[in-house]
Structure formats: structure tokens, C-alpha cells
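Chain residues, written in single-letter form:
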Amino acid sequence: MRDRLIDSLGDLAHSKFLVYLMGPYKAFDVEEILEAGTEADRVETHVPESVDFGTLVDADVDLEQQEAVLDLLLDVRDRLRTDPGVNAFLAIDIDIPLEEMDAATQSIEFALTSNAIVYLVPKIGDNLGVGIEAGSVLEAIYREGERTSDENNPSDHAERVVFAHESGVRSAMIAAIQERWDARVYSYTDREDLVRQVRLFIRDLARREQRGDLPQL
């Protein structure tokens, strides 16, 4: 799966460093997007031509909630692909037929083969979807760690996960993520703060891989 993702995403400065971005997919139904057709069809159908909504809380542009969330995810993806040049991607970027692998299994496989897994939860819309998605992926990472780790070879994939929520988001889901899976949780104030924190998280992981503190995937 890892080689398949790298081949699909193209060449960048750090092509082999995969960053899987996720958001509240229930707000715009990821399966519907995956079934929409070609990449051009998906973008044309679901993404507005020009969006400048500032922060999601104080946006002046009247957008459908799902368009705002997807726009944020795409913007963060594109900025990470530019600086620091890592292969950031969304599930909808990968063309795997649902007949071959269902969306939930795809999401788990993407996470298990990525160098970093980033959940973005803006203060808008229905966050139930990302809770369901985050729970299934984190549980898969947790179970895989239990299966493969021992005293001499501890599992570390959970250290590659960060959960970034906009300031003001209050949810039992966040507390559960910290308590059950011990994932990192960041709070951000606006889009610039979000991108800054995610970049720092990615650079920290890359340095740890270079030092040997984390295995290179």
C-alpha cells in the first residue's frame, strides 16, 4: 500500500514522507465523493472555484459547511506539499475502487502506512464523522501495536498521530482520544496557526526518524 500511495501522489522534495489528513467526513460523505468519478469531477462538484473564508468561525463568505471543511483540508494539504514538501494527501486523492477495498478499510490502511496521521476538526458542522473515523483508525493502530510490539521492539505508530481541533471545540471525543489512545491533541486558533503546528509536528517526526528514535517507514 505504501508504494501504491507514493506512486499515486507524485514526486516532491520528500515524496516518501506520507502525511494522511482527515476531517469530519460525515459532513460531506466521503463515499459519495469517492464514487463521484474522476479527480476533475470530484473537485468541480464539491470544491468552490475560489474560497477565502479566513477562519472557519469568523468567515464572511457564505459557504456550505461541507465545502468549508473540505476547502480547509485541501488548503492544508497543498501548503504541506509545498513546505516542507511532504506527500500530504486526503482519502479522495487515492483512486482505489470501493469494490477492491471499502472506504473504512482504505482509511485504516492509509494510516498504518503513513509517516504522520493528522486529524483536523474545525469548529463547524457535525464532528461526529471524524469521531467515528478517528476511533476506527486509532483503534486499528492500537491493536496493531499490541500485536507487533514486545519489550525489545515497542510499537511507536501511535506517536505519529496528532488530533488538531479549533479553539472552542468541546467534545467527549477529544477526551476519549487522549485517554484511550494517548494521541497528541493540539488546539489551533486559525488556519495559519494550524498549518504552523502541523509543520512543526511533521518536522519533529522527520528529525526523530533521522536520529533513529522512530523507524523509517
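Let us look at the structure shown here.

Reading guide: rules and limits
- Residues numbered from 1 in each chain as written.
- Predicted model: local features only at pLDDT ≥ 70, side-chain atom pairs only at ≥ 80, totals over all residues.
- Heavy atoms only, no water.
- Salt bridge = Lys/Arg side-chain N within 4 Å of Asp/Glu carboxyl O.
- Buried < 20%, exposed > 50% of the residue type's maximum accessible area, 1.4 Å probe, protein only.
- Helix = DSSP H or I, 4+ residues; strand = E, 2+ residues; numbered from the N terminus.
- Contact = heavy atoms within 4.5 Å.
- Expected span 1.5 Å × (residues − 1).
- Polar contact = N/O pair within 3.5 Å; in protein donor to acceptor, adjacent residues only side chain to side chain.
- Pairing = 2+ DSSP bridges.
- Phe/Tyr/Trp six-rings, centres within 6.5 Å; stacked < 30°, edge-to-face > 60°.

1. Describing the pattern of salt bridges
Next up, step 1: Scanning the entire structure with this criterion turns up twelve salt bridges.
Next up, step 2: Measuring nitrogen to oxygen at the nearest pair gives 2.9 Å for the salt bridge that ties Asp213 to Arg211.
Next up, step 3: For Asp213, a relative accessible area of 44% puts it in the partly exposed group.
Next up, step 4: Taken together, the shared-partner salt bridges in this structure form one network comprising Asp75, Arg79, Arg191 and Glu192.

2. Examining the side chain of His165
Next up, step 1: For His165, the location among the structural elements is in strand E4 (residues 161-166).
Next up, step 2: Judged by its relative accessible area of 8%, His165 falls in the buried class.
Next up, step 3: If sequence neighbours within four positions are ignored, His165 has contacts with Val121, Ile174, Val185, Tyr186, Ser187 and Tyr188.

3. Things to note about helix H8 (residues 191-211)
Next up, step 1: Given a rise of 1.5 Å per residue, 21 residues ought to cover 30 Å, and the 30 Å separating the end C-alpha atoms of H8 matches this to within 8%.
Next up, step 2: Among all positions of H8, only Arg191, Asp193, Leu194, Val195, Gln197, Val198, Arg199, Phe201, Ile202, Leu205, Arg208 and Glu209 are buried.
Next up, step 3: Buried positions along H8 lie against strand E1 (14-22), helix H4 (65-82), strand E2 (86-89), strand E3 (116-121), E4 and strand E5 (184-188).
Next up, step 4: One side-chain oxygen at the N-terminal end of H8 lies 3.2 Å from the backbone nitrogen of Glu192; it belongs to Asp190.

4. Comments concerning the pairing of E3
Next up, step 1: Most of E3 sits inside the fold, with six of its six residues counted as buried.
Next up, step 2: Neither face of E3 is left uncovered, since the one carrying Ala116, Val118 and Leu120 and the one carrying Ile117, Tyr119 and Val121 both have all their residues buried.
Next up, step 3: Bridge count between E1 and E3: four bridges; the pairing is parallel. Looking across to E3, one finds that Tyr20 is bridged to Ile117.
Next up, step 4: Note that E3 and E4 share five bridges and pair parallel. Its bridge partner lying in E4, Val118 is registered against Val162.

5. Focus on the environment of Ile108
Next up, step 1: Among the secondary structure elements, Ile108 is positioned in helix H5 (residues 103-112).
Next up, step 2: When the C-alpha positions of Ile108 and Leu138 are compared, they lie 8.4 Å apart, and in sequence the two are 30 residues distant.
Next up, step 3: Excluding anything up to four places from it in sequence, Ile108 contacts Ser136, Val137 and Ala140.

6. Observations regarding H4
Next up, step 1: An ideal rise of 1.5 Å per residue puts 26 Å on 18 residues; H4 measures up with 26 Å between its terminal C-alpha atoms.
Next up, step 2: All of the buried residues along H4 are Ala68, Val69, Leu70, Asp71, Leu72, Leu73, Leu74, Val76, Arg77, Arg79 and Leu80.

7. Describing the packing of aromatic side chains
Next up, step 1: The full count for this structure, using the stated rule, is five aromatic pairs.
Next up, step 2: Here the aromatic rings of Tyr20 and Phe110 are separated by 5.5 Å at their centres, their planes lie at 85°, and the arrangement is edge-to-face. With Tyr20 in strand E1 and Phe110 in helix H5, this pair connects stretches of sequence that are 90 residues apart.
Next up, step 3: Judged by its relative accessible area of 0%, Tyr20 is buried.
Next up, step 4: Residue Phe110 is classed as buried on the basis of its relative accessible area, which comes to 0%.
Next up, step 5: Ring centres 5.7 Å apart and planes at 80° place the aromatic pair Phe89 and Phe110 in the edge-to-face group. Here the residue Phe89 occupies a position in strand E2, and Phe110 occupies one in helix H5, the gap between them amounting to 21 residues. The exposure classification of Phe89 matches that of Phe110, with both residues buried.

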